[in-house]
Amino acid sequence: MKEWTREERYRELKSADEIRDLYDRIQKSVYRQKYHVQPVTGLSSDPNGFALHEGKWHLCYQWCPWGAVHGLKYWYHVTSPDLMHWQNEGIGLKPDCEYDNKGTHSGSAISVDGKLYFYYTGNHRDENWVRTPYTCAAVLDENGKLQKLPKPLFGPRDDYEEHQRDPKIVWNPDKKKYYIFIGAQTMDKRGTVLIYQSEKLLEGWTFAGELKVPGYEKFGGMWECPYIVNISGADVLIFSPQYTKLPGRAESTNHNVYFIGKMDYDSLTFTPDGGYHYLDYGFDFYAAQGAANVGDPDKAILISWIGLPDNHYPTEEEDWEGSMTLPRELRINNGKLLQTPVPAVEELRDKAITPDGKLYPACEMRVKPGAGDFDLNLFTKENGSGGFRIHYNAATKTAVIDRTGLDKRFNQSVGEVLDMPLENDLKSLRIFIDHCSVEIFANDGEATFTSHVYPTESEFYYTVSDGADVKIWTLKASVTDEFVV
């Protein structure tokens, strides 16, 4: 694996010609995705700036162009008419100002009165590499380009650690104010959220206070990517707690969780109706971002990074890594979120395949198991050995997912076996396979499981328990993957 110097990681991209050869080379990778957003070159991580604006969906992702390494971050911009067919638009934000000289880090967007506003963290470092995070803004111009404000909206608070980032902009109609939620870390290393308020989008921002979540004052060491949304009258708080191990998550210290409850903007208190829930049970799911301006009070739209901070993946050897999940519709049912792929995914179905034990690099599977325990092994050898194993224990209503049987193993020290518990008996699995990812939706979205996989040529078979009903469709490409910088 390549060892990157700081100078290499934080090199400025001055011309598209500097990465054209890299783009041409990675296009030959057998692991390039067909219907998931992925980096044009190098590394993609957190989704950013996700919103519906004048009939078009806008999404950005953190991007390091040089290779599969976290370094100088840009925002790369993609658009879609339907959340499934994505077009590359090129660089959205570049680190070219004093206040973001070492990266344009995560943030959000909102469409108001015909304009699309973006909010991001400007990552500044001085000559001693001391970081100062600024909350910055940009506006989409008539040519579809993001134009930065000349100055940040505000700087960091010195009574918190330097970890203050990922601004999420929300509008509260009752207060007639905008609020920015920022992930943060206290001086005693506790994760939290800072809240700012203003009656205007680009000025007048003042510190309102720290978010209070009763019972969770000491929950993780940093809360990244906070997101709050109201669905069917209930408030949902989503964030990514870091620097902590949680039950059922093996050795991982990076997670994505949610609460359902009530947000009080007077006291800045989110009161959960119960404990936290895992947003996704998989190995590789992080930094989930909700879209603004969805327009339906009974649902939200969510997308996430397929990957985790500090983890490493086989495509690093090819100088690229990362992709986004399928966009998901979120609804509330019996006090929990239901997550389902957006309907446009069905438009990608190409051919219905007669189930014969063979898998395809880009396909959808629908499986209805019989009663009792159940096994589905994906990416096995032709003789049924090895693979990505899904074992359902009917007595405990738990699916155990095990990827130790794959030829290409990775992140073994973090964990290769995880549980996906269910509240109801397993009735259905809807599985989306792309060239290096698997997304599992159990019981119409009661639970989900996302994982990277890197199958070899001999691992495109599956086995399934007797009595199961299996349907398979090959899926068409929906991401242009054009070289646009």
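Cut-off values and rules
Residues numbered from 1 in each chain as written. Predicted model: local features only at pLDDT ≥ 70, side-chain atom pairs only at ≥ 80, totals over all residues. Heavy atoms only, no water. Phe/Tyr/Trp six-rings, centres within 6.5 Å; stacked < 30°, edge-to-face > 60°. Buried < 20%, exposed > 50% of the residue type's maximum accessible area, 1.4 Å probe, protein only. Helix = DSSP H or I, 4+ residues; strand = E, 2+ residues; numbered from the N terminus. Lys, Arg positive; Asp, Glu negative; His and termini not counted. Salt bridge = Lys/Arg side-chain N within 4 Å of Asp/Glu carboxyl O. Polar contact = N/O pair within 3.5 Å; in protein donor to acceptor, adjacent residues only side chain to side chain. Contact = heavy atoms within 4.5 Å.

What follows concerns the packing of aromatic side chains. Counted by the stated rule, this structure contains 30 aromatic pairs. Ring centres of Phe50 and Trp57 lie 6.0 Å apart, and the angle between their planes is 50°; this geometry places the pair in the tilted category. For Phe50, a relative accessible area of 0% translates into the label buried. A ring pair is formed by Trp223 and Phe239, whose centres lie 4.1 Å apart and whose planes are at 20°; its orientation type is stacked. Of this pair, Trp223 sits in strand S13 (residues 222–231) while Phe239 is found in strand S14 (residues 234–242), placing the two residues 16 residues apart along the sequence. Like Trp223, the residue Phe239 is buried in the burial classification. Cluster of aromatic residues (ring-pair linked, three or more members): Tyr216, Phe219, Trp223, Phe239, Phe259, Tyr276, Tyr278 and Tyr281.

Okay, the side chain of Asp434 next. Relative to the helices and strands, Asp434 is located in strand S30 (residues 429–434). For the buried Asp434, no salt bridge is present, and the opposite-charge side chain at shortest range is Lys34, 7.5 Å distant. There is a polar contact of 3.1 Å between the side chain of Asp434 and the side chain of His435. Setting aside anything within four residues of it in sequence, one finds Asp434 in contact with Gln33, Lys34, Tyr35, His36, Pro361 and Ala362.

None of the figures reported here should be taken as evidence of function without further support.
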